[in-house]
Amino acid sequence: MTVQGNKPNNTTLETIGLNTSKTEFWNLSPEKLAALTDELGQGKFADNGAIAVNTGEFTGRSPQDRFIVKDSLTENSVDWNKINLPFDSAKFDKLYNRVVAYLNDKDIFVRDAYACADKNYKLNIRVVTETPWSNMFAYNMFLRPTESELANFTPEWTIINAPGFMANATEDGTRQHNFAILNFTRKVVLIGGTGYTGEIKKGIFSVLNFLLPHTKNVLSMHCSCNIGKDGDTALFFGLSGTGKTTLSADPNRALVGDDEHGWSDTGVFNFEGGCYAKVIDLNKDTEPDIYNAIREGAILENVGFKNNGNEPDYTDSSITLNTRVSYPIYHINNRAEPSVGGIPQNVFFLTYDAFGVLPPISKLTNEQAMYHFMSGFTSKVAGTEVGITEPKTTFSACFGAAFIPLHASKYAEMLGEKLTTSGAHAWLVNTGLSGGSYGVGKRMSLKVTRALINAALDGSLANAEFKKHPIFGVLVPNNIEGVPNNILNPSDTWADKEAYNATAKKLANAFQENFKQFEAETAKEIVDAAPVA
């Protein structure tokens with residue numbers, strides 16, 4: 001075995017069973033990792049300097065193949081359900097040994113990094129990968145230790161990433177050949193059979209979603225965050241397609257982070273050191289921050305090229321609609337440094353309502369905020385997937401059900417406590433349709449949505465006059481300067497008022513049906529905040 005790179009003092013991988021017969025590459029620079037990716041034929045350089053890779057069979061996460069080891073530590077604390085799938089401890093140990101044996105015959109790449117920009121909650125991570133570009137992804141997405149911190153680095157958690165290892169479902173206890181398994185007792189994230197790099201970052205996100213609320217009284221959140229020039233902090237929650245990344249990237253506000261944060265007693269902090277943005281149909285004019293961040297040091301995933309050359313074609317979805325780029329947060333000029341903010345003054349829940357019945361913005365009580373947080377609503381639009389012929393409701397608890405090991409009410413109750421203590425305002429923002437359902441209604445303009453959010457951020461909206469929505473119970477503003485009054489109340493935008501009421505009640509009923517899964521373990525005041533069907 002030979003060693004290259006910057007290996008910490010008194011460090012060995014033998015303690016975790018690794019002793020490769022080939023080369024250990026330690027903490028290589030992103031430039032060297034990108035060059036190796038190119039030399040090994042695992043990727044190629046785009047004309048903007050980014051390294052472009054194809055993640056292979058999997059171009060997204062595989063939720064049905066994500067497991068948590070069920071043992072004395074997790075048995076009575078994890079909310080076991082169709083997302084938090086249990087894995088046998090003994091089978092994990094055997095599978096772990098098989099993966100290690102596989103890697104011991106290969107060159108391996110080791111990255112020392114940490115999560116949580118607030119040093120009070122810092123989590124040291126060692127990432128061992130089979131490919132240089134997966135290691136570069138870890139450099140981009142996690143926080144980067146200084147040279148002095150690296151010299152005596154001691155990891156608390158280990159990620160082992162072996163996309164070339166294929167599990168035997170019968171022998172190994174997996175569903176199929178790919179897997180991502182969290183072991184809280186051994187403090188290991190074990191990933192195999194998939195090259196999709198998102199499994200690396202979401203593995204640690206799931207770890208933090210267990211540790212921080214459970215042991216540190218910190219609310220972990222799947223949201224973006226930015227800070228105004230006066231230091232006011234805002235959070236943006238939302239599922240894919242709702243505008244979370246776009247709306248938090250504001251030229252007048254500094255970005256704290258675009259995806260994962262914690263809310264402690266002193267403020268908000270980013271878990272990550274980078275951004276992992278979708279690039280399908282990326283346009284320089286509408287999303288200049290992301291576009292300009294794609295340069296040397298960035299990794300493009302599953303992106304096509306124009307005329308088989310080196311110019312990325314962001315409209316090309318031939319591999320997947322989930323085309324991505326990862327880059328370190330220092331590629332964003334307008335960022336907070338360090339990646340921390342104060343106690344939030346405003347919390348936005350973004351939803352794409354394809355039914356066209358939710359107001360473009362509405363004020364929530366704390367109980368309604370907890371309810372909508374647990375619901376995590378958006379819609380899939382007819383025609384985007386085979387078999388969907390009308391808008392399809394989608395609910396994802398806490399806007400990140402795939403990553404929350406605890407019961408959703410735990411996170412919602414913490415949010416309620418934070419809102420009460422801070423006095424922060426909670427807003428529901430419909431970035432979807434107005435004037436009718438899909439096929440009739442038109443999407444809210446980005447200009448209008450930004451004006452609504454700016455009114456909330458500058459404090460003027462909090463002092464507006466409101467009226468209560470008869471079905472959803474939220475408070476709808478009567479007027480907002482610079483925004484046409486006729487779009488604020490969604491029923492006013494429908495030609496057929498009876499059709500509006502029927503459609504709104506249909507969505508309200510969907511909320512109620514979804515929430516039944518939580519009712520037994522959820523406080524009555526949250527349950528009672530439901531819309532009236």
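If you're wondering where the values come from, they're calculated on a predicted model, not measured in any experiment.

Procedures and definitions
- Residues numbered from 1 in each chain as written.
- Predicted model: local features only at pLDDT ≥ 70, side-chain atom pairs only at ≥ 80, totals over all residues.
- Heavy atoms only, no water.
- Helix = DSSP H or I, 4+ residues; strand = E, 2+ residues; numbered from the N terminus.
- Rg over C-alpha atoms; globule rule 2.2 N^0.38 Å.
- Buried < 20%, exposed > 50% of the residue type's maximum accessible area, 1.4 Å probe, protein only.
- Contact = heavy atoms within 4.5 Å.
- Areas by Shrake-Rupley, 256 points an atom, 1.4 Å probe, with all protein chains shown as cover.
- Lys, Arg positive; Asp, Glu negative; His and termini not counted.
- Charge placed at Lys NZ, Arg CZ, Asp CG, Glu CD.
- Expected span 1.5 Å × (residues − 1).
- Arc of directions from axis to C-beta.
- Polar contact = N/O pair within 3.5 Å; in protein donor to acceptor, adjacent residues only side chain to side chain.
- Axes fitted to C-alpha atoms, helices over the stretch in contact; angles between N-to-C directions.
- Parallel < 35°, antiparallel > 145°, perpendicular 65-115°, else oblique.
- Nonpolar A, V, L, I, M, F, W, Y, C, P; charged D, E, K, R; others polar.
- Pairing = 2+ DSSP bridges.
- pLDDT = per-residue confidence, 0-100.
- Left-handed = near helix turned anticlockwise from the far one by under 90°.
- Salt bridge = Lys/Arg side-chain N within 4 Å of Asp/Glu carboxyl O.

Side note on the overall build of the protein chain
Phase 1 of the analysis: What the protein chain contains, in helices and strands, is 13 helices and 31 strands.
Phase 2 of the analysis: Taken over the C-alpha trace, the protein chain has a radius of gyration of 23 Å; the compact-globule value for 533 residues is 24 Å, and the two agree within 12%.
Phase 3 of the analysis: In terms of principal-axis extent, the alpha carbons of the protein chain reach across some 75 × 55 × 50 Å.
Phase 4 of the analysis: The 533 residues of the protein chain split such that 59% are buried.
Phase 5 of the analysis: The contacts in the protein chain between residues at least 6 apart in sequence include a share of 71% that link residues at least 24 apart.
Phase 6 of the analysis: Carbon and sulfur atoms make up 47% of the accessible area of the protein chain, which totals about 21100 Å².
Phase 7 of the analysis: Seen as two clouds, the 48 positive and the 59 negative side-chain charges of the protein chain have centres 1 Å apart.

What about helix α12 (residues 497-515)?
Phase 1 of the analysis: Taking 1.5 Å per residue as the helical rise, α12 with its 19 residues ought to reach 27 Å, and the 27 Å between its terminal C-alpha atoms agrees with that figure.
Phase 2 of the analysis: Listed in full, the buried residues belonging to α12 are Y500, T503, A504, L507, A508, A510, F511, N514 and F515. The buried residues of α12 all sit within an arc of 150° when viewed along its axis, so they share a single face.
Phase 3 of the analysis: Here the buried face of α12 lies against α9 (366-375), β25 (377-380), β26 (392-395) and α13 (524-527).
Phase 4 of the analysis: N-cap assignment for α12: the residue whose side-chain oxygen lies 3.1 Å from the backbone N of E498 is D496.

Section: the environment of Y276
Phase 1 of the analysis: Note that Y276 resides in strand β17 (residues 274-278).
Phase 2 of the analysis: Residue classification places Y276 among the buried positions, given a relative accessible area of 7%.
Phase 3 of the analysis: In sequence terms Y276 and S326 are 50 residues apart; their C-alpha atoms lie 4.4 Å from each other.
Phase 4 of the analysis: Ignoring anything within four residues of it in the chain, the contact list for Y276 reads F137, M141, Y196, T197, G198, K201, D258, E301, R324, V325 and S326.

Regarding the side chain of S396
Phase 1 of the analysis: Along the chain, S396 falls in the loop between β26 and α10 (408-422).
Phase 2 of the analysis: When its relative accessible area of 14% is taken as the criterion, S396 is described as buried.

What to know about the packing of α9 against α12
Phase 1 of the analysis: As a packed pair, α9 and α12 sit with axes 10 Å apart at the nearest point and diverge in direction by 75°. Put simply, α9 runs roughly perpendicular to α12. Residue-level inspection shows Y371, H372, M374 and S375 of α9 in contact with α12, the latter providing F511, Q512, N514 and F515.
Phase 2 of the analysis: Classifying every residue of the contact of α9 with α12 gives four nonpolar, four polar and no charged.

Considerations on the sheet that holds strand β3 (residues 43-45)
Phase 1 of the analysis: Taken in spatial order, the five strands of this open sheet run β3-β4-β18-β21-β17, and their pairing is mixed. If you trace the sheet from one side to the other, it starts and ends with β3 and β17, each paired once. When the angles between neighbouring strand axes are averaged without regard to direction, this sheet yields 20°.
Phase 2 of the analysis: The sheet contact formed by strand β18 (residues 299-301) and strand β21 (residues 324-328) spans three bridges and is antiparallel. When the sheet's bridge partners are listed, I299 is paired in β21 with S326.
Phase 3 of the analysis: Contacts from helix α1 (residues 30-39) reach β3 and β4 (51-53) within the one sheet, and its direction differs from that of β3 by about 115°.

Quick word on the confidence of the model for the protein chain
Phase 1 of the analysis: Per-residue confidence for the protein chain gives a mean pLDDT of 95, with 98% of residues at or over 70.
Phase 2 of the analysis: Here residues 382-388 is modelled with pLDDT under 50, and outside its nearest four sequence neighbours on either side it reaches nine contacts, counting other chains as well.

Side note on the packing of α1 against helix α3 (residues 132-141)
The angle between the axes and the distance between the axes are what describe a pair of packed helices.
Phase 1 of the analysis: With their axes 8 Å apart at the nearest point, α1 and α3 run at an angle of 155° to one another. Taken together, the axes of α1 and α3 lie roughly antiparallel to each other. Crossing hand, α1 versus α3: left-handed. Residue-level inspection shows P30, L33, A34, L36 and T37 of α1 in contact with α3, the latter providing P132, W133, N135, M136 and Y139.
Phase 2 of the analysis: Grouping the constituent residues of the contact of α1 with α3 by class yields eight nonpolar, two polar and no charged.

Quick word on unusual backbone geometry
Phase 1 of the analysis: For the bond running from E337 to P338, omega is 0°, close enough to zero to count as cis.
Phase 2 of the analysis: Assignment of secondary structure puts P338 in the loop between β21 and β22 (340-341).
Phase 3 of the analysis: Even without glycine at this site, N10 takes up a positive phi of about 50°.
Phase 4 of the analysis: Despite not being glycine, C116 has its phi angle at roughly 85°, a positive value.
Phase 5 of the analysis: Checked against the element boundaries, C116 lands in the loop between β7 (108-115) and β8 (123-129).
Phase 6 of the analysis: When its relative accessible area of 0% is taken as the criterion, C116 is described as buried.

Some thoughts on the pattern of salt bridges
Phase 1 of the analysis: Following the criterion strictly, the structure yields 21 salt bridges and no others.
Phase 2 of the analysis: Residue D259 is joined to K202 by a salt bridge in which the shortest nitrogen-to-oxygen separation is 2.8 Å. Of this pair, D259 sits in the loop between β14 (254-257) and β15 (260-263) while K202 sits in helix α6 (residues 198-216), and the two are 57 residues apart along the sequence.
Phase 3 of the analysis: A single salt-bridge network, built from bridges that share partners, covers K201, K202, K244, D259, E260 and E272.

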